[in-house]
Amino acid sequence: MHAVVAAALLHTTAALSMAARGLPLQPSSKVVILGGGLQGCASAYYLKQRGFEDVTIVERTSVAAAASGKGGGFLARGWGSGPTRALHEVSFDLHADLAKKLDLKTYRKIKTLSVTGELGLRGWPPADKPAKAPFSPDAPAWLDKEDTGAKLMDPDTAQVVPKELCEALFAASGAKLVEGRASGLEMDGDACTGVRVDGATVPCDAVVCAMGAWSVLLEDWIGAETGLSVPLEGVYSSSIVFEGSPEVAAEPCALFCAEDSNSCHLEVYPRVDGSVYLCGIGGSDHVRGARLREGGDLQDASLMKANPDRVA
């Protein structure tokens, strides 16, 4: 499930972002992080870098259970615009730095091509062939030259398998992992003193909410007292990973494909082991509200199942 992820260091219910403005948290403070995805594990890692030793991640399913374990992992430095441009640039460089520090095996620089699949645009059975589109000399040998047009889109992109990055951040953070369902916050006035997990309380001085789309649960926990609104939704999308081949492993190249006859814009990411990650195949389901709460069909990441009907 892909989602805009909310991660806020919560010390008082009055202002969720006060930590970023200098709340008096000390390295001796107890910090509980809700969610074991990339945001949660990165928060734990950087807290460790700042000297925090008592950090606990509460995760209902497992580390990297949702989008952080199933994403494509494509990285582009110069694709931001407006207020996000600087974020793209810093993030791209940060991934390269983390790859060295964490010894990530799946990180690498790759080029990206823009691809037109003429056969797909003509449909099936194929009609008369249109004029041949240009084919870039940068294209890999495993890309069909007969029915494909390709041109270089960006020579300086990169990739990493998100699951490896997430698990490496967690391991390097030294954080404790509590597996269970968080169901609320213990409050003492404006201060959060603990997180309720499966009937017990995990004590804390601050809590980071990094539950992805499930961050909407904060509305149930403290919304009435604070007026907090968390306008998030998940996008439940399909992806396919094809088995590896030596040809693909030898010539890595990401592909961004033009719209095909099914109105899909495929994205193709070959990985270090030669396998191919494919997304952009349509049929996304926007998940919100009761579906993310207790009793909903996607109340936790373990309920996300492979759908064989998406594969012909």
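Draft legend 1. Representation of the overall build of the protein. The helix and strand tally for the protein stands at seven helices and 18 strands. For the protein, buried positions account for 44% of its 312 residues. By sequence separation, contacts in the protein at least 24 residues apart represent 67% of the contacts at least 6 residues apart. With an accessible surface of roughly 15700 Å², the protein has 55% of that area assigned to carbon and sulfur atoms.

Draft legend 2. View of the sheet that holds strand β9 (residues 182-188). Taken together, three strands build an open sheet; the order of strands is β9-β10-β11 and the sheet is antiparallel. Strand pairing shows two members of the sheet lacking a second neighbour, β9 and β11 (200-203), which therefore form its edges. Across this sheet, the average inter-strand angle for adjacent strands is 35°, counted without regard to direction. Pairing of strand β10 (residues 191-197) with β11 involves four bridges; the strand directions are antiparallel. The residue bridging arginine 196 from the neighbouring strand is threonine 201, located in β11.

Draft legend 3. Spotlight on unusual backbone geometry. For alanine 64, which is not glycine, the phi dihedral falls at a positive 60°. Mapped onto the secondary structure, alanine 64 falls in the loop between β4 (55-59) and α2 (67-70). Taking relative accessible area as the criterion, alanine 64 reaches 4% and is therefore assigned buried. The backbone of aspartate 198 sits at a positive phi, close to 50°, despite the residue not being glycine. Secondary-structure assignment places aspartate 198 in the loop between β10 and β11. Exposure remark for aspartate 198: the relative accessible area of 53% places this residue in the exposed category.

Draft legend 4. Focus on the environment of glycine 234. Relative to the elements of secondary structure, glycine 234 occurs in strand β13 (residues 234-236). Residue classification places glycine 234 among the buried residues on the basis of a relative accessible area of 0%.

Draft legend 5. Local environment of the pattern of salt bridges. The final tally for this structure, using the stated rule, is 17 salt bridges. For glutamate 233, the salt bridge identified is with arginine 288, shortest N-O distance 2.4 Å. A residue pair is termed long-range when its members are at least 10 positions apart, and glutamate 233 in the loop between α6 (217-226) and β13 and arginine 288 in the segment after β18 (285-287) qualify at 55 residues. Since its relative accessible area comes to 26%, glutamate 233 is described here as partly exposed.

Draft legend 6. Molecular detail of the environment of leucine 25. By the element assignment, leucine 25 lies in the loop between β2 (8-10) and β3 (31-34). Sequence separation between leucine 25 and phenylalanine 52 is 27 residues; the distance between their C-alpha atoms is 9.6 Å.

Draft legend 7. Fine view of the state of the cysteines. Scanning the model with the defined rule gives zero disulfides in all. In this structure cysteine 192 is a free cysteine whose sulfur lies 3.9 Å from that of cysteine 204, the closest cysteine sulfur available. A relative accessible area of 2% places cysteine 192 in the buried class.

Draft legend 8. A look at the packing of aromatic side chains. The final tally for this structure, using the stated rule, is seven aromatic pairs. Arranged with centres 4.9 Å apart and planes meeting at 85°, the rings of tyrosine 45 and tyrosine 46 form a pair that is edge-to-face. Judged by relative accessible area, tyrosine 45 falls into the buried class, the value being 6%. Judged by centre distance (6.2 Å) and plane angle (20°), the rings of tyrosine 269 and tyrosine 277 are stacked. Note on tyrosine 269: relative accessible area 4%, which makes it buried.

Draft legend 9. The packing of helix α1 (residues 38-49) against helix α5 (residues 162-173), seen in detail. Remark: α1 packs on α5, axes separated minimally by 8 Å, with the N-to-C direction vectors making an angle of 35°. Handedness of the α1/α5 crossing: left-handed. Only Pro162, Leu165, Cys166, Leu169, Phe170, Ala172 and Ser173 of α5 make contact with α1, whose side of the interface consists of Leu38, Cys41, Ala42, Ala44, Tyr45 and Lys48. For the contact of α1 with α5, the per-class residue count stands at 11 nonpolar, one polar and one charged.

Analysis parameters
- Residues numbered from 1 in each chain as written.
- Predicted model: local features only at pLDDT ≥ 70, side-chain atom pairs only at ≥ 80, totals over all residues.
- Heavy atoms only, no water.
- Helix = DSSP H or I, 4+ residues; strand = E, 2+ residues; numbered from the N terminus.
- Buried < 20%, exposed > 50% of the residue type's maximum accessible area, 1.4 Å probe, protein only.
- Contact = heavy atoms within 4.5 Å.
- Areas by Shrake-Rupley, 256 points an atom, 1.4 Å probe, with all protein chains shown as cover.
- Pairing = 2+ DSSP bridges.
- Axes fitted to C-alpha atoms, helices over the stretch in contact; angles between N-to-C directions.
- Salt bridge = Lys/Arg side-chain N within 4 Å of Asp/Glu carboxyl O.
- Disulfide = S-S within 2.5 Å.
- Phe/Tyr/Trp six-rings, centres within 6.5 Å; stacked < 30°, edge-to-face > 60°.
- Left-handed = near helix turned anticlockwise from the far one by under 90°.
- Nonpolar A, V, L, I, M, F, W, Y, C, P; charged D, E, K, R; others polar.

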